[in-house]
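Below, each chain spelled out in residue letters.
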Amino acid sequence: MKKITAIGSFLVGALLVLLLVMPSLQRLNELEHAGAATGNKPAAEQATGGASGQASGNDLVPASYQPVGAERIVASGKAKQLDPKNPLLKHGDVLKVGILQFMEHPSLDDIRYGLLDELAKRGYINGVNMQIEYQQGQGDQNLLKTIADNFMADGKDLLIGIATPAAQALMNSAQGDVPVVFAGVSDPVGAGLVADLKKPGKLVSGATYANNNADTLKLIKEIQPDAKRLGVLYNTSEQNAVQQVQSIRQLAPSEGFTLKEATITSTNDLKQVAEQLATEVDAIYLPQDNTIASSLDTLVPTTTAHKVGLYPTVDAMVQSGCLATVGLNQYLWGADSGDVAADVIEGADLATYPVKVSTISNKFINSTQAAALGMTIPPAVSKDAIDMNPAKK
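Residues numbered from 1 in each chain as written. Predicted model: local features only at pLDDT ≥ 70, side-chain atom pairs only at ≥ 80, totals over all residues. Heavy atoms only, no water.

J.: Please clarify how the environment of Ser-320 should be interpreted in this entry.
T.: With respect to the element layout, Ser-320 can be found in the loop between α11 (315–319) and β11 (324–328). Considering only alpha carbons, one finds Ser-320 and Leu-296, 24 residues apart in sequence, at a separation of 7.0 Å. Aside from chain neighbours lying at most four places away, what touches Ser-320 is Leu-296 and Val-300. (Helix = DSSP H or I, 4+ residues; strand = E, 2+ residues; numbered from the N terminus. Contact = heavy atoms within 4.5 Å.)

J.: Would you explain the confidence of the model for the chain in this entry?
T.: Any residue range with low pLDDT should be treated as having predicted coordinates unsuitable for detailed reading. Taken residue by residue, the chain gives an average pLDDT of 85. The fraction at 70 or more is 84%. Low pLDDT, under 50, characterises residues 15–58; the stretch is placed with 51 contacts to residues that sit more than four places away or in other chains. (pLDDT = per-residue confidence, 0-100.)

J.: I keep staring at the sheet that holds strand β8 (residues 258–264) and nothing clicks. Help me out?
T.: Strand pairing in a sheet takes place through backbone hydrogen bonds and is either antiparallel or parallel in direction. Ordered by their spatial adjacency, 4 strands build an open sheet running β8-β7-β9-β10, and the pairing between neighbours is parallel. Strand pairing shows two members of the sheet lacking a second neighbour, β8 and β10 (309–311), which therefore form its edges. When strand polarity is set aside, the average angle formed by the axes of neighbouring strands in this sheet is 25 degrees. When strand β7 (residues 229–235) meets β8, the two strands line up parallel, connected through 7 bridges. Looking at the pairing, Arg-229 lines up with Thr-258 of β8. (Pairing = 2+ DSSP bridges. Axes fitted to C-alpha atoms, helices over the stretch in contact; angles between N-to-C directions.)

J.: For this particular structure, what's the right way to read the packing of helix α8 (residues 270–278) against helix α10 (residues 296–304)?
T.: When two helices pack together, their arrangement is given by the angle between the helix axes and the distance between those axes. One can describe the packing of α8 onto α10 by two numbers: an axis separation of 9 Å at closest approach and a directional angle of 25 degrees. Classified by the angle their axes make, α8 and α10 are roughly parallel. Judged by the twist between their axes, the crossing of α8 over α10 is right-handed. Judged by residue contacts, Leu-270, Lys-271, Ala-274, Glu-275 and Ala-278 of α8 engage Thr-298, Leu-299, Thr-302 and Thr-303 from α10. Here the residues of the contact of α8 with α10 sort into 4 nonpolar, 3 polar and 2 charged. (Parallel < 35°, antiparallel > 145°, perpendicular 65-115°, else oblique. Left-handed = near helix turned anticlockwise from the far one by under 90°. Nonpolar A, V, L, I, M, F, W, Y, C, P; charged D, E, K, R; others polar.)

And the structure:
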């Protein structure tokens, strides 16, 4: 009888403890779901200024960050006084800015860091004269739309989209009421962001770039002089990629390449399509494609097993296992968009503001990957290239 009474007391005590902690557990669950719904960290973590959500001070760009192939832009250290008559200002003397990035990826992060550093150099500093909210959309179109709509509902004064889908989502939500600056967009006309590079025609502008496809094709020939069959792998729904593939089609014959195109619609297709393509070509060209860039951990081992090198358009992808490229400096490309954003704050009309065309590029190689492929980077190439992953000697 005493044993039964003891068990009953224990159960009553456990029930009381459960009732006491239940509200805290329920609140924690709500916070986690709020973070998942916006594609960011839990709300409790956002408040401290993490990688997503609102951040303050200098934590928007890591203090230890150092761009590849460029000197880090040094901030002026002095914030500009915003003109109270500035038509962008709707919230006193602080500008509310929303930055939407398509997904988390090193090359897009480089663009964002360059943009933010350039803004700081121009005197526009988060937590002082700007309140910046950064969000990323996990590559999900529905989430991008939700975040863009939330930015508008929150009364943002300026919107910045990193990568084509993010910029399109912001433009569609803004409906011409708030200026949109784009970054990381290679074909703004084809994407419907602007009517013309010289005269955008709406409150949208930013920085694009002159592609280096011709130089990259020459680089492939320098590294693999016997290569004749060139594969092209891309997602048909990414406008950046489609535009660059059109360029490659025109350029490839002059370098003696026969093209073999392979397309995917999602990351689920990638391994099977890449496996087949790698058996049919000598090298593979990768256009600027966010779907491909986010799946290199699948793509690189697949093509390496067939001793086929990958040649992207982005430096960060070389660091992640591709072989080589002549690529635009992503950080400086972002800085050009930062310049556009600063000019807008200072009164520029985006409808007549010519799209900047970035041209600063570098030659990037990965000698460790070359060794894995059984290749040697010729000295004529390596002497003036940046080795993103030097081979151990």
